[in-house]
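# Analysis of the macromolecular model
As a plain string of letters, each chain reads:
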Amino acid sequence: MRGTAESIARAYARRWLWKAVAPAAVPLFVALTLLLIPLALIAAPEARTESASSACSIGGTGATVAGIELDAVQMGAAQTIVTVAAAQELDPYAATVALATAYQESRIRMLANDGSSPRLTAEQAAVTATSLTYPHDGLGSDHDSVNTFQQRWIAGWGTVAQLMDPVYAAEAFFTRLVEVPEWQNVPLTQAAQAVQISAAGGAYAQWGPLARELTGMLWPAAQSTAAGPAGAAPGVCPGLPVAAGSWIRPTTGTVTSGYGSRQGALHAGVDIAGPRGSPVYAAAEGTVLTAACTSAYCDRDGSLSLAGYGNLIELDHSAGVTTRYAHLSGYTVIAGQQVLAGTLIGFQGSTGNSTGVHLHFEVRTDGAAVDPVPWLAGHGVDLQTPHPG
Ligand SMILES: [Zn+2]
(Lines give C-alpha, C1' and ligand atoms only; values in the text may rest on other atoms or scores of the structure.)
Protein backbone atom coordinates (compact mmCIF):
# COMPACT_ATOMS: atom_id res chain seq x y z
CA MET A 1 0.00 0.00 0.00
CA ARG A 2 2.63 2.51 -0.96
CA GLY A 3 2.19 5.68 -2.95
CA THR A 4 -0.25 8.48 -2.62
CA ALA A 5 -3.79 8.23 -3.88
CA GLU A 6 -2.80 10.65 -6.58
CA SER A 7 -0.04 8.45 -7.90
CA ILE A 8 -2.34 5.47 -7.79
CA ALA A 9 -4.96 7.36 -9.76
CA ARG A 10 -2.31 8.56 -12.21
CA ALA A 11 -1.01 5.05 -12.72
CA TYR A 12 -4.54 3.89 -13.37
CA ALA A 13 -5.19 6.61 -15.92
CA ARG A 14 -1.85 5.90 -17.54
CA ARG A 15 -2.75 2.26 -18.07
CA TRP A 16 -5.72 3.16 -20.23
CA LEU A 17 -3.91 5.90 -22.08
CA TRP A 18 -1.09 3.52 -22.75
CA LYS A 19 -3.47 1.05 -24.31
CA ALA A 20 -4.81 3.76 -26.56
CA VAL A 21 -1.62 5.26 -27.90
CA ALA A 22 1.22 2.75 -27.91
CA PRO A 23 1.19 0.56 -31.01
CA ALA A 24 3.74 -1.69 -29.33
CA ALA A 25 1.17 -2.36 -26.66
CA VAL A 26 -1.20 -4.05 -29.06
CA PRO A 27 0.32 -7.57 -28.99
CA LEU A 28 0.28 -7.56 -25.18
CA PHE A 29 -3.20 -6.13 -25.18
CA VAL A 30 -4.36 -8.89 -27.53
CA ALA A 31 -2.75 -11.48 -25.27
CA LEU A 32 -4.49 -10.04 -22.22
CA THR A 33 -7.74 -9.94 -24.14
CA LEU A 34 -7.39 -13.58 -25.13
CA LEU A 35 -6.89 -14.46 -21.49
CA LEU A 36 -10.15 -12.72 -20.67
CA ILE A 37 -12.22 -14.50 -23.33
CA PRO A 38 -12.79 -17.68 -21.31
CA LEU A 39 -14.03 -15.58 -18.41
CA ALA A 40 -16.45 -13.78 -20.68
CA LEU A 41 -17.72 -17.09 -22.02
CA ILE A 42 -18.20 -18.54 -18.57
CA ALA A 43 -20.19 -15.52 -17.56
CA ALA A 44 -22.35 -15.44 -20.68
CA PRO A 45 -25.12 -14.74 -21.24
CA GLU A 46 -25.34 -12.90 -17.95
CA ALA A 47 -22.96 -9.96 -17.66
CA ARG A 48 -20.28 -10.09 -15.01
CA THR A 49 -22.36 -8.09 -12.64
CA GLU A 50 -21.32 -7.47 -9.10
CA SER A 51 -24.26 -8.93 -7.30
CA ALA A 52 -25.40 -6.73 -4.48
CA SER A 53 -27.41 -9.44 -2.78
CA SER A 54 -28.46 -7.44 0.21
CA ALA A 55 -30.53 -4.33 0.18
CA CYS A 56 -29.26 -1.04 1.52
CA SER A 57 -29.23 -2.52 4.96
CA ILE A 58 -28.79 0.69 6.87
CA GLY A 59 -31.00 2.78 4.60
CA GLY A 60 -32.77 2.36 1.30
CA THR A 61 -35.11 -0.35 0.23
CA GLY A 62 -34.94 -3.50 -1.79
CA ALA A 63 -38.02 -5.49 -2.74
CA THR A 64 -39.15 -8.90 -3.91
CA VAL A 65 -41.05 -8.36 -7.14
CA ALA A 66 -42.82 -11.20 -8.96
CA GLY A 67 -40.66 -13.61 -6.96
CA ILE A 68 -37.41 -11.91 -7.94
CA GLU A 69 -35.30 -10.25 -5.26
CA LEU A 70 -34.13 -6.78 -6.22
CA ASP A 71 -31.76 -4.80 -4.05
CA ALA A 72 -31.95 -1.07 -3.45
CA VAL A 73 -29.51 -0.34 -6.27
CA GLN A 74 -31.65 -2.19 -8.79
CA MET A 75 -34.80 -0.55 -7.41
CA GLY A 76 -33.19 2.87 -7.78
CA ALA A 77 -32.23 2.17 -11.39
CA ALA A 78 -35.73 0.87 -12.09
CA GLN A 79 -37.23 4.01 -10.56
CA THR A 80 -35.14 6.18 -12.88
CA ILE A 81 -36.42 4.29 -15.93
CA VAL A 82 -40.04 4.58 -14.83
CA THR A 83 -39.61 8.24 -13.89
CA VAL A 84 -38.23 9.10 -17.32
CA ALA A 85 -41.22 7.38 -18.97
CA ALA A 86 -43.61 9.38 -16.80
CA ALA A 87 -41.72 12.63 -17.46
CA GLN A 88 -42.13 12.03 -21.21
CA GLU A 89 -45.86 11.42 -20.63
CA LEU A 90 -45.64 7.97 -22.16
CA ASP A 91 -48.02 5.12 -21.47
CA PRO A 92 -46.89 2.99 -18.48
CA TYR A 93 -46.46 0.16 -20.99
CA ALA A 94 -43.32 1.97 -22.21
CA ALA A 95 -41.81 1.58 -18.73
CA THR A 96 -42.79 -2.09 -18.70
CA VAL A 97 -41.03 -2.75 -22.01
CA ALA A 98 -37.96 -0.84 -20.81
CA LEU A 99 -37.79 -2.68 -17.47
CA ALA A 100 -38.08 -6.12 -19.08
CA THR A 101 -35.33 -5.11 -21.49
CA ALA A 102 -33.09 -3.74 -18.75
CA TYR A 103 -33.54 -6.84 -16.59
CA GLN A 104 -32.58 -9.10 -19.50
CA GLU A 105 -29.61 -6.94 -20.52
CA SER A 106 -28.07 -6.04 -17.16
CA ARG A 107 -30.35 -7.22 -14.33
CA ILE A 108 -31.17 -3.48 -14.12
CA ARG A 109 -27.63 -2.46 -13.20
CA MET A 110 -25.51 0.39 -14.50
CA LEU A 111 -22.76 -1.64 -16.15
CA ALA A 112 -19.46 -0.12 -17.16
CA ASN A 113 -17.35 -2.00 -19.72
CA ASP A 114 -13.59 -2.52 -19.46
CA GLY A 115 -13.24 -2.89 -23.24
CA SER A 116 -11.93 -6.44 -23.01
CA SER A 117 -14.08 -7.80 -25.85
CA PRO A 118 -11.82 -9.25 -28.55
CA ARG A 119 -14.17 -7.76 -31.13
CA LEU A 120 -12.94 -4.26 -30.33
CA THR A 121 -9.88 -2.56 -31.76
CA ALA A 122 -7.40 -1.15 -29.24
CA GLU A 123 -8.80 2.32 -29.89
CA GLN A 124 -12.40 1.19 -29.45
CA ALA A 125 -11.40 -0.69 -26.29
CA ALA A 126 -9.86 2.44 -24.81
CA VAL A 127 -12.95 4.54 -25.54
CA THR A 128 -15.22 1.83 -24.14
CA ALA A 129 -13.10 1.60 -20.99
CA THR A 130 -13.71 5.27 -20.26
CA SER A 131 -17.09 4.04 -18.99
CA LEU A 132 -15.22 2.92 -15.86
CA THR A 133 -14.73 6.55 -14.87
CA TYR A 134 -18.47 7.08 -14.43
CA PRO A 135 -20.58 5.83 -11.51
CA HIS A 136 -21.52 2.19 -12.09
CA ASP A 137 -22.46 -0.87 -10.10
CA GLY A 138 -21.22 -3.70 -12.24
CA LEU A 139 -19.00 -4.61 -15.14
CA GLY A 140 -19.89 -6.07 -18.53
CA SER A 141 -17.67 -6.94 -21.48
CA ASP A 142 -20.03 -7.49 -24.40
CA HIS A 143 -18.65 -5.56 -27.37
CA ASP A 144 -18.87 -1.84 -26.54
CA SER A 145 -22.16 -2.22 -24.63
CA VAL A 146 -22.67 -0.20 -21.48
CA ASN A 147 -25.41 0.79 -18.99
CA THR A 148 -28.67 -0.82 -17.93
CA PHE A 149 -29.78 -1.36 -21.53
CA GLN A 150 -26.34 -2.35 -22.88
CA GLN A 151 -26.42 0.43 -25.43
CA ARG A 152 -23.48 0.72 -27.85
CA TRP A 153 -21.65 3.94 -28.66
CA ILE A 154 -20.24 2.42 -31.86
CA ALA A 155 -23.80 1.67 -32.98
CA GLY A 156 -24.75 5.32 -32.61
CA TRP A 157 -26.61 5.32 -29.30
CA GLY A 158 -24.58 8.26 -27.97
CA THR A 159 -21.20 8.99 -26.48
CA VAL A 160 -19.92 6.86 -23.61
CA ALA A 161 -20.40 9.85 -21.31
CA GLN A 162 -24.03 10.15 -22.40
CA LEU A 163 -24.70 6.43 -22.14
CA MET A 164 -23.34 6.28 -18.59
CA ASP A 165 -26.00 8.82 -17.58
CA PRO A 166 -29.01 6.71 -16.49
CA VAL A 167 -31.51 9.39 -17.51
CA TYR A 168 -30.00 9.72 -20.99
CA ALA A 169 -29.97 5.92 -21.34
CA ALA A 170 -33.70 5.68 -20.59
CA GLU A 171 -34.48 8.62 -22.87
CA ALA A 172 -32.52 6.98 -25.69
CA PHE A 173 -34.48 3.77 -25.19
CA PHE A 174 -37.84 5.55 -25.27
CA THR A 175 -36.86 7.67 -28.29
CA ARG A 176 -36.42 4.47 -30.28
CA LEU A 177 -39.41 2.70 -28.73
CA VAL A 178 -41.92 5.34 -29.82
CA GLU A 179 -40.65 4.99 -33.40
CA VAL A 180 -41.77 1.35 -33.45
CA PRO A 181 -45.08 1.24 -35.36
CA GLU A 182 -48.01 0.44 -33.06
CA TRP A 183 -45.60 0.01 -30.15
CA GLN A 184 -48.43 0.26 -27.60
CA ASN A 185 -50.18 -2.73 -29.17
CA VAL A 186 -47.35 -5.07 -30.07
CA PRO A 187 -46.20 -7.77 -27.62
CA LEU A 188 -43.47 -6.83 -25.17
CA THR A 189 -40.87 -9.05 -26.81
CA GLN A 190 -41.52 -7.59 -30.24
CA ALA A 191 -41.32 -4.01 -28.97
CA ALA A 192 -38.14 -4.65 -26.99
CA GLN A 193 -36.50 -6.48 -29.87
CA ALA A 194 -37.30 -3.72 -32.31
CA VAL A 195 -35.51 -1.23 -30.06
CA GLN A 196 -32.57 -3.42 -29.11
CA ILE A 197 -32.10 -5.30 -32.41
CA SER A 198 -30.94 -8.14 -30.18
CA ALA A 199 -30.20 -11.69 -31.22
CA ALA A 200 -31.62 -12.90 -27.92
CA GLY A 201 -34.91 -11.07 -28.39
CA GLY A 202 -37.06 -13.97 -27.24
CA ALA A 203 -35.58 -13.75 -23.77
CA TYR A 204 -37.35 -10.49 -22.96
CA ALA A 205 -40.78 -12.09 -22.60
CA GLN A 206 -39.95 -14.04 -19.45
CA TRP A 207 -39.47 -10.78 -17.53
CA GLY A 208 -42.94 -9.48 -18.41
CA PRO A 209 -44.49 -10.28 -15.01
CA LEU A 210 -41.56 -8.67 -13.18
CA ALA A 211 -41.68 -5.58 -15.41
CA ARG A 212 -45.45 -5.16 -15.09
CA GLU A 213 -45.37 -5.47 -11.31
CA LEU A 214 -42.40 -3.08 -11.02
CA THR A 215 -44.17 -0.53 -13.19
CA GLY A 216 -47.22 -0.75 -10.96
CA MET A 217 -45.08 -0.19 -7.87
CA LEU A 218 -42.96 2.66 -9.22
CA TRP A 219 -45.33 4.55 -11.53
CA PRO A 220 -47.03 6.64 -8.81
CA ALA A 221 -43.66 7.77 -7.43
CA ALA A 222 -42.58 8.45 -11.00
CA GLN A 223 -45.56 10.71 -11.61
CA SER A 224 -44.91 12.68 -8.44
CA THR A 225 -41.21 13.16 -9.16
CA ALA A 226 -41.48 13.58 -12.93
CA ALA A 227 -42.03 17.28 -12.37
CA GLY A 228 -38.52 17.47 -10.91
CA PRO A 229 -35.78 18.96 -13.06
CA ALA A 230 -33.64 15.91 -13.72
CA GLY A 231 -36.32 13.28 -13.42
CA ALA A 232 -33.89 10.78 -11.94
CA ALA A 233 -34.27 8.79 -8.77
CA PRO A 234 -32.56 10.68 -5.95
CA GLY A 235 -29.98 7.99 -5.37
CA VAL A 236 -29.58 4.25 -5.53
CA CYS A 237 -29.43 4.04 -1.77
CA PRO A 238 -31.04 7.12 -0.30
CA GLY A 239 -28.81 9.14 1.97
CA LEU A 240 -29.15 8.18 5.60
CA PRO A 241 -30.57 10.67 8.06
CA VAL A 242 -27.24 11.71 9.49
CA ALA A 243 -26.71 14.99 11.31
CA ALA A 244 -24.14 17.32 9.76
CA GLY A 245 -20.63 16.69 11.02
CA SER A 246 -21.36 13.25 12.42
CA TRP A 247 -19.88 9.88 11.54
CA ILE A 248 -21.52 6.53 10.79
CA ARG A 249 -20.56 2.87 10.53
CA PRO A 250 -19.48 2.50 6.86
CA THR A 251 -20.94 -0.94 6.25
CA THR A 252 -22.69 -3.91 7.78
CA GLY A 253 -20.84 -6.95 9.13
CA THR A 254 -18.46 -8.15 11.80
CA VAL A 255 -14.94 -6.99 12.57
CA THR A 256 -12.77 -9.92 11.46
CA SER A 257 -9.33 -8.33 11.73
CA GLY A 258 -8.26 -5.33 13.72
CA TYR A 259 -5.71 -2.61 13.24
CA GLY A 260 -2.11 -3.40 14.16
CA SER A 261 0.89 -5.56 13.43
CA ARG A 262 0.10 -8.60 11.32
CA GLN A 263 3.00 -10.91 10.45
CA GLY A 264 5.51 -8.12 10.83
CA ALA A 265 3.60 -5.62 8.71
CA LEU A 266 1.15 -2.97 9.81
CA HIS A 267 -2.46 -3.78 9.04
CA ALA A 268 -3.39 -0.14 8.61
CA GLY A 269 -7.14 -0.54 8.98
CA VAL A 270 -9.96 -2.68 10.22
CA ASP A 271 -11.69 -5.46 8.26
CA ILE A 272 -15.48 -5.58 8.42
CA ALA A 273 -17.01 -8.62 6.76
CA GLY A 274 -20.62 -8.75 5.59
CA PRO A 275 -22.38 -10.43 2.69
CA ARG A 276 -20.94 -9.88 -0.79
CA GLY A 277 -22.45 -6.79 -2.29
CA SER A 278 -23.32 -5.15 1.02
CA PRO A 279 -23.53 -1.41 0.48
CA VAL A 280 -20.62 0.69 1.68
CA TYR A 281 -21.33 4.25 2.78
CA ALA A 282 -19.22 7.34 3.31
CA ALA A 283 -18.43 7.37 7.03
CA ALA A 284 -18.57 11.15 7.06
CA GLU A 285 -19.10 14.12 4.79
CA GLY A 286 -16.23 14.78 2.39
CA THR A 287 -14.78 14.87 -1.11
CA VAL A 288 -13.83 11.82 -3.17
CA LEU A 289 -10.05 11.82 -3.66
CA THR A 290 -9.77 8.42 -5.32
CA ALA A 291 -12.30 6.15 -7.00
CA ALA A 292 -10.29 3.62 -8.94
CA CYS A 293 -9.01 0.12 -9.38
CA THR A 294 -5.59 0.16 -7.71
CA SER A 295 -4.60 -3.44 -8.50
CA ALA A 296 -3.66 -5.15 -11.75
CA TYR A 297 -7.33 -6.11 -12.17
CA CYS A 298 -10.60 -5.54 -10.34
CA ASP A 299 -13.15 -7.24 -12.58
CA ARG A 300 -13.00 -10.33 -10.38
CA ASP A 301 -11.86 -11.36 -6.92
CA GLY A 302 -8.19 -10.88 -6.14
CA SER A 303 -5.84 -13.05 -4.09
CA LEU A 304 -2.98 -12.83 -1.61
CA SER A 305 -0.51 -12.79 -4.51
CA LEU A 306 -2.18 -9.71 -6.03
CA ALA A 307 -0.98 -6.37 -4.70
CA GLY A 308 -3.10 -3.36 -3.97
CA TYR A 309 -6.39 -2.26 -2.48
CA GLY A 310 -8.44 -3.47 -5.46
CA ASN A 311 -11.29 -1.04 -6.06
CA LEU A 312 -10.52 1.80 -3.67
CA ILE A 313 -12.45 4.84 -2.57
CA GLU A 314 -10.57 7.50 -0.61
CA LEU A 315 -12.42 10.41 0.97
CA ASP A 316 -11.05 13.70 2.26
CA HIS A 317 -12.92 14.95 5.31
CA SER A 318 -10.78 18.11 5.64
CA ALA A 319 -8.66 19.02 8.70
CA GLY A 320 -6.18 16.34 7.56
CA VAL A 321 -8.60 13.44 8.03
CA THR A 322 -9.05 10.90 5.24
CA THR A 323 -10.75 7.50 5.05
CA ARG A 324 -10.13 4.57 2.70
CA TYR A 325 -12.58 1.85 1.61
CA ALA A 326 -10.83 -1.07 -0.07
CA HIS A 327 -11.54 -4.36 -1.91
CA LEU A 328 -14.89 -3.06 -3.22
CA SER A 329 -16.62 -5.12 -5.89
CA GLY A 330 -17.70 -1.88 -7.52
CA TYR A 331 -18.14 1.79 -6.72
CA THR A 332 -20.71 4.45 -7.42
CA VAL A 333 -18.84 7.74 -7.02
CA ILE A 334 -16.16 9.54 -9.02
CA ALA A 335 -13.10 11.56 -7.98
CA GLY A 336 -13.96 15.12 -7.07
CA GLN A 337 -17.52 14.32 -6.06
CA GLN A 338 -18.88 15.69 -2.78
CA VAL A 339 -20.48 13.10 -0.51
CA LEU A 340 -22.44 13.24 2.72
CA ALA A 341 -22.17 10.84 5.63
CA GLY A 342 -24.31 7.94 4.49
CA THR A 343 -23.88 8.43 0.74
CA LEU A 344 -23.56 5.07 -1.03
CA ILE A 345 -20.02 4.82 -2.42
CA GLY A 346 -19.68 1.13 -3.34
CA PHE A 347 -20.18 -2.50 -2.38
CA GLN A 348 -18.26 -5.05 -0.34
CA GLY A 349 -16.14 -7.35 -2.46
CA SER A 350 -12.78 -9.08 -2.53
CA THR A 351 -10.79 -7.25 -5.20
CA GLY A 352 -7.05 -6.70 -4.82
CA ASN A 353 -4.93 -8.19 -2.02
CA SER A 354 -7.81 -10.06 -0.40
CA THR A 355 -8.99 -13.62 0.20
CA GLY A 356 -12.58 -13.07 1.22
CA VAL A 357 -15.41 -10.57 0.96
CA HIS A 358 -14.96 -7.68 3.38
CA LEU A 359 -14.46 -3.96 3.65
CA HIS A 360 -10.94 -2.84 4.60
CA PHE A 361 -11.54 0.52 6.26
CA GLU A 362 -8.82 3.01 7.19
CA VAL A 363 -8.78 6.30 8.98
CA ARG A 364 -5.76 8.54 8.44
CA THR A 365 -4.82 11.80 10.09
CA ASP A 366 -2.28 13.85 8.16
CA GLY A 367 -1.61 10.74 6.08
CA ALA A 368 -0.75 8.45 9.00
CA ALA A 369 -3.03 5.50 9.70
CA VAL A 370 -4.75 5.36 13.09
CA ASP A 371 -6.81 2.56 14.63
CA PRO A 372 -10.33 3.13 13.27
CA VAL A 373 -12.09 1.38 16.18
CA PRO A 374 -11.22 3.83 18.99
CA TRP A 375 -11.20 6.69 16.50
CA LEU A 376 -14.79 5.98 15.43
CA ALA A 377 -15.77 5.29 19.05
CA GLY A 378 -14.62 8.82 19.78
CA HIS A 379 -17.10 9.95 17.13
CA GLY A 380 -20.01 7.97 18.53
CA VAL A 381 -19.72 4.85 16.38
CA ASP A 382 -19.28 1.39 17.91
CA LEU A 383 -17.68 -0.86 15.28
CA GLN A 384 -17.20 -3.82 17.61
CA THR A 385 -20.87 -4.65 18.06
CA PRO A 386 -21.71 -7.04 15.22
CA HIS A 387 -24.11 -5.47 12.77
CA PRO A 388 -25.90 -8.18 10.80
CA GLY A 389 -27.79 -5.66 8.71
ZN1 LIG B 1 -7.68 -5.12 5.95
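Residues numbered from 1 in each chain as written. Predicted model: local features only at pLDDT ≥ 70, side-chain atom pairs only at ≥ 80, totals over all residues.

### Focus: the overall build of the chain
Along the chain, the regular secondary structure elements total 10 helices and 19 strands. Of all 389 residues assigned to the chain, the portion counted as buried reaches 49%. Considering only residue pairs separated by 6 or more positions, the chain has 68% of its internal contacts joining residues 24 or more positions apart. (Helix = DSSP H or I, 4+ residues; strand = E, 2+ residues; numbered from the N terminus. Buried ≥ 20, exposed ≤ 12 C-beta atoms within 10 Å, placed from the backbone. Contact = placed C-beta atoms within 7 Å.)

### Brief notes about the nonpolar core
Judged by nonpolar contacts, the single largest core of 52 residues is most densely connected at Ala78, Ile81, Ala85, Ala98, Leu99 and Phe173. Sorting elements by how many residues they give to this core places helix H3 (residues 72-87) first, with 10 residues. With near-sequence residues (within four places) excluded, alanine 98 lies in contact with Ile81, Ala85, Ala170, Phe173 and Phe174. Core analysis: the next-biggest nonpolar cluster, separate from the first, contains 32 residues, Val280, Ala284, Leu315 and Ala326 among them. (Core = buried A, V, L, I, M, F, W, Y, C linked by C-beta atoms within 7 Å.)

### Overview of helix H7 (residues 166-177)
The end-to-end C-alpha separation of H7 is 17 Å, in line with the 16 Å expected for 12 residues at 1.5 Å each. Looking at H7, one finds that the buried residues are Pro166, Ala169, Ala170, Ala172, Phe173, Phe174 and Leu177. (Expected span 1.5 Å × (residues − 1).)

### Quick word on unusual backbone geometry
With a phi angle near 55°, alanine 319 is a residue other than glycine that sits in the positive phi range. Residue placement: alanine 319 occurs in the loop between strand E13 (311-316) and strand E14 (321-328). At aspartate 366, a residue that is not glycine, the phi angle is positive and equals roughly 50°. Examined against the element boundaries, aspartate 366 turns out to sit in the loop between strand E18 (359-365) and strand E19 (368-370).

### Some details on the environment of arginine 109
Within the secondary structure layout, arginine 109 lies in the loop between helix H4 (92-106) and strand E3 (111-113). What makes arginine 109 buried here is the crowd of 27 C-beta atoms within 10 Å. Between the C-alpha atoms of arginine 109 and glutamine 150, which are 41 residues apart in sequence, the distance is 9.8 Å.

### A few points about the confidence of the model for the chain
For the chain, per-residue confidence averages 78 on the pLDDT scale, and 76% of positions sit at 70 or higher. Below a pLDDT of 50 lies the segment residues 1-60, which in the model reaches 98 contacts outside its immediate sequence neighbourhood of four places, other chains included. Counting contacts from residues 226-239, a segment whose pLDDT is below 50, to residues more than four positions away or on other chains yields 37 contacts. (pLDDT = per-residue confidence, 0-100.)

### Quick notes on H4
Under the 1.5 Å per step criterion, the end-to-end length of H4 is 21 Å for 15 residues, consistent within 8% with the ideal 21 Å. Looking one or two places after H4, you find arginine 107, whose phi comes out positive at around 60°.

### Quick look at the packing of H4 against H7
The interhelical angle for the contact between H4 and H7, taken along N-to-C directions, is 115°, at an axis separation of 11 Å. Between H4 and H7 lies a crossing whose hand is right-handed. Between H4 and H7, the contacting residues are Ala94, Val97 and Ala98 on the first element and Ala170, Phe173, Phe174 and Leu177 on the second. Across the contact of H4 with H7, the residue classes break down as 7 nonpolar, no polar and no charged. (Axes fitted to C-alpha atoms, helices over the stretch in contact; angles between N-to-C directions. Left-handed = near helix turned anticlockwise from the far one by under 90°. Nonpolar A, V, L, I, M, F, W, Y, C, P; charged D, E, K, R; others polar.)

### Let's talk about the pairing of E18
With respect to burial, E18 is a largely interior element, 6 of its 7 residues being buried. Here 3 bridges tie strand E10 (residues 270-273) to E18, and the two strands are oriented antiparallel to one another. Residue pairing for E18: valine 270 is matched across the bridge by phenylalanine 361. Strand direction decides the pairing type here: E14 and E18, joined by 6 bridges, are antiparallel. Paired with arginine 324 across the two strands is glutamate 362, which belongs to E18. Relative to E19, E18 runs antiparallel, the two being bridged by 3 bridges. Across the sheet, residue arginine 364 finds its bridge partner in E19, namely alanine 369. (Pairing = 2+ DSSP bridges.)

### Things to note about the sheet that holds strand E15 (residues 330-331)
Here we have 3 strands laid out as an open sheet, ordered E11-E17-E15, and antiparallel in their pairing. In the strand order of this sheet, the two ends are held by strand E11 (279-281) and E15, each with one partner. As judged from the 3 bridges shared by E11 and strand E17 (residues 344-347), these two strands associate in the antiparallel manner. By the bridge assignment for E17, tyrosine 281 is matched with leucine 344.

### Overview of the packing of H4 against helix H8 (residues 188-196)
For the pair H4 and H8, the least separation of the axes is 9 Å and the interaxial angle reads 70°. Classified by the angle between their axes, H4 and H8 sit roughly perpendicular to one another. Relative to H8, H4 is oriented so that their crossing is right-handed. Together, Thr96, Val97, Ala100 and Thr101 of H4 and Leu188, Ala191, Ala192, Val195 and Gln196 of H8 make up the contact between the two elements. Split into classes, the residues belonging to the contact of H4 with H8 amount to 6 nonpolar, 3 polar and no charged. (Parallel < 35°, antiparallel > 145°, perpendicular 65-115°, else oblique.)

### Quick notes on the pairing of strand E12 (residues 286-293)
The buried fraction of E12 amounts to 7 of the 8 residues, a majority that puts the element mostly inside the structure. Alignment of E12 against strand E16 (residues 338-339), held across 2 bridges, turns out to be antiparallel. Looking at E16, one finds that threonine 287 is bridged to glutamine 338. Here 6 bridges tie E12 to E13, and the two strands are oriented antiparallel to one another. Across the sheet, the residue bridging to alanine 292 is leucine 312, located in E13.

### Topic: the environment of glycine 202
Tracing the chain through its elements places glycine 202 in the loop between H8 and helix H9 (208-225). When the C-alpha atoms of glycine 202 and threonine 189 are compared, they prove to be 6.2 Å apart, with 13 residues separating the residues in sequence.

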